[in-house]
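# An overview of the molecular structure
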Amino acid sequence: MGLPELKDKIRLQLDLADERVLRIVSSVFDNYLNEVVSYDAVGNPISLSEYHNKVEEGLNDVKYNRIISKENLSKEMEDWDNE
């Protein structure tokens with residue numbers, strides 16, 4: 001069973017589910033999205049949903065040209081030493 005078929009199967013099962021099952025499924029998703037998948041540079045945990053948000057921010061930075069070249073970053077970092 002591929003992903004599309006699995007999604008369809010789950011949609012059908014959710015349509016027939018009672019409140020108890022829906023609460024269990026909701027809890028599973030909440031736990032999944034809040035699972036720690038990484039850590040930031042300081043060591044703070046990052047959840048899956050936070051990780052996805054950071055990826056989207058990065059993609060938007062590229063899309064809207066809010067980036068700096070490696071060469072320009074190196075020059076900027078040299079100036080930090082002179083401050």
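Read on for an overview of the structure. Since we're looking at a predicted model, the values are computed, not measured.

A few words on the overall build of the protein chain. Looking only at helices and strands, one finds four helices and two strands in the protein chain. The helix and strand sequence of the protein chain, counted from the amino end, reads α-α-β-β-α-α. The C-alpha radius of gyration of the protein chain comes to 21 Å, more than 25% above the 12 Å expected for a compact globule of 83 residues. Referenced to the eigenvectors of the C-alpha coordinate spread, the extents of the protein chain come out at roughly 65 × 25 × 20 Å. Among the 83 residues that make up the protein chain, the fraction classed as buried is 4%. Accessible area for the protein chain stands at about 7,700 Å²; split by element, carbon and sulfur atoms hold 55% of it. The protein chain carries 10 positive and 18 negative side-chain charges, and their two centres are separated by 8 Å.

Next up on the list: a negative patch on the surface. On the surface, Glu 76, Glu 78, Asp 79 and Asp 81 cluster together to form a negatively charged patch. Turning to its location among the elements, Glu 76 is positioned in helix H4 (residues 70-82). Since its relative accessible area comes to 36%, Glu 76 is described here as partly exposed.

Once that is clear, we can look at the side chain of Ser 47. Residue placement: Ser 47 occurs in strand S2 (residues 45-47). There is a polar contact of 3.2 Å between the side chain of Ser 47 and the side chain of Ser 49.

Turning our eyes to something else, we now look at a nonpolar patch on the surface. A contiguous nonpolar patch, built from Met 1, Leu 3, Leu 6, Ile 10, Leu 14 and Leu 22 and spanning about 560 Å² of accessible area, is present on the exposed surface. Exposure remark for Leu 6: the relative accessible area of 38% places this residue in the partly exposed category.

On to the environment of Leu 14. On the secondary structure map, Leu 14 appears in helix H1 (residues 3-16). With relative accessibility at 32%, the residue Leu 14 sits in the partly exposed group. Sequence separation between Leu 14 and Met 1 is 13 residues, and the spatial gap between their C-alpha atoms is 18 Å. Leave out the neighbours within four places in its chain, and Leu 14 touches Leu 22 and Val 25.

Next up on the list: the pattern of salt bridges. Taken as a whole and assessed by the stated rule, the structure comprises three salt bridges. Close ionic contact of Arg 23 with Glu 19 constitutes a salt bridge, the shortest N to O distance being 2.5 Å. With a gap of four residues between them, Arg 23 and Glu 19 both fall in helix H2 (residues 19-33), about one helical turn apart. When its relative accessible area of 59% is taken as the criterion, Arg 23 is described as exposed. Where Arg 66 meets Asp 61, a salt bridge forms, and the shortest distance between an N and an O atom there is 2.8 Å.

Rules and cut-offs
- Residues numbered from 1 in each chain as written.
- Predicted model: local features only at pLDDT ≥ 70, side-chain atom pairs only at ≥ 80, totals over all residues.
- Heavy atoms only, no water.
- Helix = DSSP H or I, 4+ residues; strand = E, 2+ residues; numbered from the N terminus.
- Rg over C-alpha atoms; globule rule 2.2 N^0.38 Å.
- Buried < 20%, exposed > 50% of the residue type's maximum accessible area, 1.4 Å probe, protein only.
- Areas by Shrake-Rupley, 256 points an atom, 1.4 Å probe, with all protein chains shown as cover.
- Lys, Arg positive; Asp, Glu negative; His and termini not counted.
- Charge placed at Lys NZ, Arg CZ, Asp CG, Glu CD.
- Patch = residues over 30% accessible without salt bridge, like charges linked within 9 Å, V, L, I, M, F, W, Y side chains within 5 Å.
- Salt bridge = Lys/Arg side-chain N within 4 Å of Asp/Glu carboxyl O.
- Polar contact = N/O pair within 3.5 Å; in protein donor to acceptor, adjacent residues only side chain to side chain.
- Contact = heavy atoms within 4.5 Å.

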